[in-house]
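Structure assessment
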Amino acid sequence: MAQVVASRPVHGSFVCASAGSAKKSSIDELKPSALPSKFFRAKEQQKNKRFLRNVTVMVKRSLRAEPEVLPVSPEDLPKREEEFQHLRGVQLGNTAVGMWSKPTVRRKTKIVCTIGPSTNTREMIWKLAEAGMNVARLNMSHGDHASHQKVIDLVKEYNAQSKDNVIAIMLDTKAGFLGPEVRSGDLPQPIALTNGQEFTFTIKRGVGTDSCVSVNYDDFVNDVEVGDMLLVDGGMMSLMVKSKTEDSVKCEVVDGGELKSRRHLNVRGKSATLPSITGGNLDWDDIKFGVDNKVDFYAVSFVKDAKVVHELKDYLKSCNADIHVIVKIESADSVPNLHSIITASDGAMVARGDLGAELPIEEVPLLQEEIIRMCRSMGKAVIVATNMLESMIVHPTPTRAEVSDIAIAVREGADAVMLSGETAHGKFPLKAVKVMHTVSLRTEATMTENDTPPNLGQAFKNHMSEMFAFHATMMSNTLGTSIVVFTRTGFMAILLSHYRPSGTIFAFTDDERVRQRLALYQGVCPIHMDFSNDAEESFNNALSFLQKQGMVKEGEEVALVQSGKQPIWRLHNGESREGQSSMARAARGLLSRAAREQLVALAPREGRTACARAMKRPPVRRVREPRESSLCEHAARVRVMTDIAISASLCNNDSIEGDQTLVDRPISD
Amino acid sequence: MASQALHFLNPTYSAPTRSLSSPSKPLLLAQSPRRVRPISAISSDIDSSSSSPSVMISGNGKGGIFGGDGTAAAAAVADVSGIEVDAVTEAELKENGFRSTRRTKLVCTIGPATCGFEQLEALAVGGMNVARINMCHGTRDWHRRVIERVRRLNEEKGYAVAIMMDTEGSEIHMGDLGGAASAARAEDGEIWTFSVRAFDSPLPEQTINVNYEGFAEDVKVGDDLLVDGGMVRFEVIEKIGPDVKCRCTDPGLLLPRANLTFWRDGSLVRERNAMLPTISSKDWLDIDFGISEGVDFIAISFVKSAEVIRHLKSYIAARSRDSDIAVIAKIESVDSLKNLEEIIRASDGAMVARGDLGAQIPLEQVPSAQQKIVQLCRQLDRPVIVASQLLESMIEYPTPTRAEVADISEAVRQRADALMLSGESAMGQYPEKALTVLRSVSLRIEKWWREEKRQEAMVLPEISSSFADSISEEICNSAAKMVAGNGKHSGNGVTMGLGTTLCGLRLCSTHVLECLRSSWLVSSIVIEAHLADNLEVDAIFVYTKTGQMASLLSRCRPDCPIFAFTTTTSVRRRLNLQWGLIPFRLNFSDDMESNLNRTFFLLKARGMIQSGDLVIAVSDMLQSIQVMNVP
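Residues numbered from 1 in each chain as written. Chains lettered and ligands numbered in written order. Predicted model: local features only at pLDDT ≥ 70, side-chain atom pairs only at ≥ 80, totals over all residues. Heavy atoms only, no water.

Some details on the overall build of chain B
For chain B, the count of helices and strands is 19 helices and 23 strands. The buried share among the 631 residues of chain B stands at 62%. Just so you have it, chain B exposes about 23,100 Å², and 53% of that area is on carbon and sulfur atoms. (Helix = DSSP H or I, 4+ residues; strand = E, 2+ residues; numbered from the N terminus. Buried < 20%, exposed > 50% of the residue type's maximum accessible area, 1.4 Å probe, protein only. Areas by Shrake-Rupley, 256 points an atom, 1.4 Å probe, with all protein chains shown as cover.)

Structure follows, in structure tokens:
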């Protein structure tokens, strides 16, 4: 260790590090564990009494966190299946190796369930929550305010009594929000349409015969053209436009079927929200309903440009409502404006049903990937929705394609996957949630871990927080720890989530609303806690809470992160270095020692120059073993970047041993 | 003709073992057009007779003329028909050029919905590469008629649709349901009887026959009985002699011959049925039928070990000396996952049968198992088919669910050789639509892949055992790398390709290496220079008699299509299963120069290539790489 640190020129520590670690990694491949242990031994001899035991333990263990899965379902294979044994992780024996136990693996990808007739009872909501629901979605195009009110109250009741689980509420203003969908009119009875048959849509009201039905949209005739393909219910039936008159459109049936009342119509390649419908007719009733009930998210349908989102956000601001806006990307029109729409909103939902009807269906997977990538690069939440477990509306088992689809969404890094009809009116809502849960969990476990979190780029203006989250993630990944974050606004937890750390993010917040909202974000486990004035006390409270809930085990390491730019405990306890600014409280005493050594050398001389340099340097760099040294470096870097002032004061005080800021805190009672 | 050629002279070279003729010793840059007896179609395939040998005059007149057995009678006819390729590929090539041809192959199961000649033709037009017949259903006569129709289609319309026969396997499954009922519905709480008794009269109400005789002894009260991997679930409540009474806990449809598994304490019980043979007596009869009908592939269900595959292959070899039926192992049980590598090595290809796999391992593990199998097959140079429930909802509806589209896109991204439709094409209402969805999604994802220039990091291990084979392998790898390395990074790509080639060869005897290396180094410079000037390779031409070299090329998944020229129709059909291969039948000789001239002439005459297209040509008779522009 000493060599690694010392041999590196101080100013160049950020630049030269890659060369150094590259060399190391090649050596490591030959002898993975011996090398660090040598370093440690040298270190032990030097001095140090306090972390000696921890150090040896750490060397023995492989630091790369093996994917570990708890037996998640009764279907899990019997133990003799060696083929899959590695997925299950080695549970027995390994936890006892040292005081450093592995974090419990929790599902990271969240599950959004639509609440409908099958699930709107108290019993079902409780059961769904236990099965893994994280967000309850209410579809405003079905049901009335009274029934939604009931569900919201039930969810709130659940949240109030549940300590370690929380359900967020999402209001989906499907039809009637930004203008109704185009739908066919009422029919006395379903009409059987055969291929080649002629059929007419008219804008006259109240027509419903065997060969003609009305359409609820007056400009329908003007918007479709001869040769267009009309899709009923996203493609269940299709009709080709043959000719049109002033008030009607004659079509030929291409794919027959049974036409029922009030079916959803699309024109292939054109947007279903036809041009005359604009944000002017936001359904303010629904919005007010949401504001009154303090829901967490609005999902906005058929967003074509950022204007609507701004309008809604302005309104919400004027009522002082803290509600996040998720845009549903579901029309061909929204695709060109994707960037501006997502920028304006707080998240996006890939509503694949309508996308697949308006665009060629083979574009949908590519678009899904693109939207997820874009949202993640901008630090927004992203939900994959529609048709995820469609067959489970009537069958108890998903098709293999559906299982694979969930796995894809998880691999692509969506924050959440959504169930619509499966839970709203399906026969097996609990089973569907369970399938999502197990598939996500298993997929997360088999995903190859990145040592380096993907860089978000210029997602946030708040560069400091971003770098901060990046390095905190990096450290927790390398050490295989969970992250504990204290946040008032949720910002830091969301930021951390977007770096997708391999451990769970335990987000402590003193705001019930924030806690509820964080339920949507990948990997975040939100917990409510009243912060005390003393930072130390809050940390201890948090850790003992986690332990009590069984979320962390004794001896497990966690990385503590205070909130972002605005620290929670600013100068409260009088110790300037404690409250200076946001700070990763990285694990391992070793780490902090080495970091301190670097800082001692660095801080007084380099000061802000080093800080500036560190920030300019592209942050993505593969850091390999020896992890300890890389960690030191990270810790140092984080400190340099964020805590220049305090590090100087540290050195002056010469109180390094007593410094608590970077000291690890093994959990114990 | 501007061409750089790189030939191997290998003193110890002998034709690959599967080759049908005795090897003719190739010479370095063999220029003199020697008359070589072409390998005429020896296979027992009935349509081999249709490939009448023809005399060709090649474009610039200096090429060789090769007529089978000197029968020049039919010669005058077939200027342009001397090369066989199916109409769809031809049209696609003419219309869109090389780059946009579909690389992922499509397999359709033929059933009641698609067994007519017109329907089969519609499928072929829609892009079907392989027709699968499922021996679980239908009689042999029915299957024979389907095979005849596919044959006729190939003969009359020039397709190369291969035929895959899928055996039933002998896992526990239900018998036919009583009477004419095609399906029965089990409702929640109903009591059903599963019996191993043979009923001569129609089955009593709510009774199901089970084919496995030890069934009643093996199950215990309290076990869970899963039909078709969980579509319906029963709980065993009572055992009465041969009858097992079960209560339905998950209602659903019972289909005849549905697979049965039973679970105890949350784990699959499977020790006993491991005693069942993999290939049942009915399967052997079916296999005999397949051999006599000359199918191209036989897929074996519930493979447990490589032994079964080897056994079957030796049986096929003994029964029919001159046909080469490929054996596809269906991976659908825990045992087959355990012995995965061994099984894949022993077989000629694998199929990820996700339906049954999902019944045997937890459902959520199927995606990762699929990924693993696809990857392993590619590494071991075996074609792999992703099958079952790709477009399940299209059995009833004309549009797929979004999940299904995403699933297909994932399989294409994994670069599986082929995707398969089962019920969707056999008994669905929209077989052609389902095929269209497969085709358009594959095309789109492949295009995206090329546009994004995604490079996958797959290590292809060396798989050849003999020296001659490893030369082939290295040639193929290099050729593929030349394609990948074109454009901006052309120089690097080629150098790397050749570099690794040298490494690969270093294992071989040193004195051979010496002469090889000198020729390599000289040529590498030439190729590099050449490629640096050019932007894109448009196609790889491979002349192969056994198909092995084409397969090796396909394994590298190069960016451009691979035109595989082969002398026999059976090899041509077999190659139709593999990723990116466009198989042609063509009589060719050992003289590459004349082969190429002739091919260029024929293809140009059909409008499938144009002057100036850049091609890489490799051949397994004369192990060589040439890079050239079409004159």
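Here the narrative resumes.
Regarding the sheet that holds strand 14 (residues 297–300) of chain B
Residues and elements named next belong to chain B. The strand order 2-3-4-14-15-16-17-18 describes a closed barrel built from 8 strands, whose pairing is parallel. Strand-to-strand twist of the sheet, defined as the mean angle between neighbouring strand axes without regard to direction, takes the value 25 degrees. Bridge analysis of strand 3 (residues 128–134) against strand 4 (residues 162–166) gives 5 bridges, and the strand direction is parallel. Its bridge partner lying in strand 4, Val 130 is registered against Ala 162. Sitting on the sheet, helix 5 (residues 281–293) is in contact with strand 4 and strand 14, with an inclination near 170 degrees to strand 4. (Pairing = 2+ DSSP bridges. Axes fitted to C-alpha atoms, helices over the stretch in contact; angles between N-to-C directions. Contact = heavy atoms within 4.5 Å.)

Points about the pattern of salt bridges
Residues and elements named next belong to chain B. This structure, assessed with the given rule, holds 47 salt bridges over all chains. Among the ionic pairs, Lys 282 bridges to Asp 286, the shortest N-O distance being 3.1 Å. Residue Lys 282 and its partner Asp 286 are located together in helix 5, separated by 4 residues, close to a single helical turn. Accessibility expressed as a relative area gives 31% for Lys 282, which makes it partly exposed. (Salt bridge = Lys/Arg side-chain N within 4 Å of Asp/Glu carboxyl O.)

Considerations on the packing of aromatic side chains
Residue and element names in this part refer to chain B. By the definition in use, this model includes 18 aromatic pairs over all chains. With a centroid separation of 5.2 Å and 20 degrees between ring planes, the pair formed by Phe 541 and Phe 563 is classed as stacked. Here Phe 563 lies in strand 20 (residues 562–566) and Phe 541 lies in strand 19 (residues 539–543), a separation of 22 residues in the sequence. For Phe 541, a relative accessible area of 0% puts it in the buried group. Of the residues examined, Phe 563 reaches a relative accessible area of 0% and is grouped as buried. Members of the aromatic cluster, joined through ring pairs, are Phe 541, Tyr 543, Phe 563, Phe 565, Phe 584, Phe 588 and Phe 600. (Phe/Tyr/Trp six-rings, centres within 6.5 Å; stacked < 30°, edge-to-face > 60°.)

Observations regarding unusual backbone geometry
A positive phi is found at Lys 294 of chain A, a non-glycine position, where the angle reads about 50 degrees. Counting through the fold element by element, Lys 294 of chain A comes out in the loop between helix 9 (284–293) and strand 12 (297–300).

Some details on the interface of chain B and chain A
Listed as interface residues are 57 residues of chain B and, on the opposing side, 54 residues of chain A. Between chain B and chain A, the buried area comes to about 4,600 Å², and carbon and sulfur atoms account for 57% of it. Viewed at the interface, chain A and chain B are joined by 6 salt bridges. A salt bridge links Lys 433 of chain B to Asp 255 of chain A; the nearest nitrogen and oxygen atoms lie 2.5 Å apart. Where chain B touches chain A, the interface holds 12 residue pairs in polar contact (both at pLDDT 80 or more). (Buried area = accessible area lost by both parts, 1.4 Å probe. Polar contact = N/O pair within 3.5 Å; in protein donor to acceptor, adjacent residues only side chain to side chain.)

A few points about the nonpolar core
If you look at the biggest cluster of nonpolar residues, it comprises 80 residues, and the most contacted ones within it are Ile 110, Met 128, Ile 298, Ile 408 and Leu 419 of chain B. The biggest single contributor to this core is helix 13 (residues 431–452) of chain B, with 8 residues. No fewer than three residues from each of domain 2 (105–169 + 276–452) and domain 3 (184–271) of chain B sit in this core. Counting residues in each nonpolar core, the second largest holds 70 residues, with Ile 287, Ala 344, Val 350 and Val 433 of chain A among its members. (Core = buried A, V, L, I, M, F, W, Y, C linked by side-chain atoms within 4.5 Å. Domains from an automatic or database assignment.)

Regarding the packing of helix 2 (residues 117–126) of chain B against helix 3 (residues 140–157) of chain B
Geometrically, a packed helix pair is captured by the angle between its two axes and the distance between the axes. All names here are of chain B. Contact pair helix 2 / helix 3: the axes reach a minimum separation of 10 Å and the direction vectors enclose 55 degrees. Comparing their axes, helix 3 and helix 2 come out oblique. Considering only the axes of helix 2 and helix 3, their crossing is right-handed. Across from Phe 117, Leu 120, Glu 121 and Ala 124 in helix 2, the residues of helix 3 making contact are Val 146, Arg 149, Val 150, Arg 152, Leu 153, Glu 156 and Lys 157. (Parallel < 35°, antiparallel > 145°, perpendicular 65-115°, else oblique. Left-handed = near helix turned anticlockwise from the far one by under 90°.)

A few points about the packing of helix 11 (residues 402–413) of chain B against helix 13 of chain B
All names here are of chain B. Viewed as axis vectors pointing N to C, helix 11 and helix 13 meet at an angle of 50 degrees, and their least axial separation amounts to 9 Å. With respect to helix 13, the element helix 11 is oriented oblique. Two packed elements cross with a definite hand, and for helix 11 against helix 13 that hand is right-handed. Judged by residue contacts, Val 405, Ile 408, Ser 409, Val 412 and Arg 413 of helix 11 engage Val 437, Leu 438, Val 441, Ser 442, Ile 445, Glu 446, Trp 448 and Trp 449 from helix 13. Residue composition of the contact of helix 11 with helix 13, grouped by class: 9 nonpolar, 2 polar and 2 charged. (Nonpolar A, V, L, I, M, F, W, Y, C, P; charged D, E, K, R; others polar.)

Structural notes on the domain arrangement of chain A
Assigned domains of chain A: these are domain 1 (2–12 + 460–652), domain 2 (115–175 + 283–353 + 361–445) and domain 3 (191–273). The C-alpha centroid of domain 3 of chain A is placed 30 Å from the C-alpha centroid of domain 2 of chain A.

Describing the sheet that holds strand 12 (residues 260–264) of chain B
All names here are of chain B. Taken in spatial order, the 7 strands make up an open sheet running 7-6-10-9-8-12-13, and their pairing is mixed. Every interior strand has two partners, whereas the edge strands, strand 7 (207–209) and strand 13 (267–268), have only one. Direction of pairing for strand 8 (residues 224–227) relative to strand 9 (residues 232–240): antiparallel, over a ladder of 4 bridges. Note that in strand 9 the partner of Asp 224 across the bridge is Glu 235.

Remarks on the environment of Ser 422 of chain B
Relative to the elements of secondary structure, Ser 422 of chain B occurs in the loop between strand 18 (418–421) and helix 12 (423–426). Ignoring anything within four residues of it in the chain, the contact list for Ser 422 of chain B reads Thr 109, Arg 132 and Ser 388 of chain B.

Some words on the pairing of strand 17 (residues 384–387) of chain B
Residues and elements named next belong to chain B. On strand 17, burial covers both faces: Val 384 and Val 386 on one face and Ile 385 and Ala 387 on the other are all buried. By the bridge criterion, 4 bridges tie strand 16 (residues 349–353) to strand 17 in an arrangement that is parallel. Looking across to strand 17, one finds that Ala 350 is bridged to Val 384. Pairing geometry for strand 17 and strand 18, over 2 bridges, is parallel. The residue of strand 18 that forms the bridge with Val 386 is Leu 419. The parallel pair strand 17 and strand 18, bridged by helix 11, forms a crossover whose chirality is right-handed. (Right-handed = clockwise from strand over helix to strand, strands pointing away.)

Let's talk about the confidence of the model for chain A
Residues and elements named next belong to chain A. Across chain A, the average pLDDT comes to 69, with 62% of residues at or above 70. For residues 1–102, every residue scores under 50 in pLDDT, and the model assigns this stretch 179 contacts once sequence neighbours within four places are set aside. In the predicted structure, residues 272–280 sits below a pLDDT of 50 and forms 27 contacts with residues beyond four places in sequence or in another chain. (pLDDT = per-residue confidence, 0-100.)

Some words on the environment of Ala 550 of chain B
All names here are of chain B. As for its position among the elements, Ala 550 is in helix 17 (residues 548–555). Sequence-wise, Ala 550 and Leu 581 are 31 residues apart; in three dimensions their C-alpha atoms are separated by 7.3 Å. Once you skip the residues sitting within four places of it in the chain, Ala 550 turns out to touch Val 542, Thr 544, Ala 564, Leu 575 and Leu 581.

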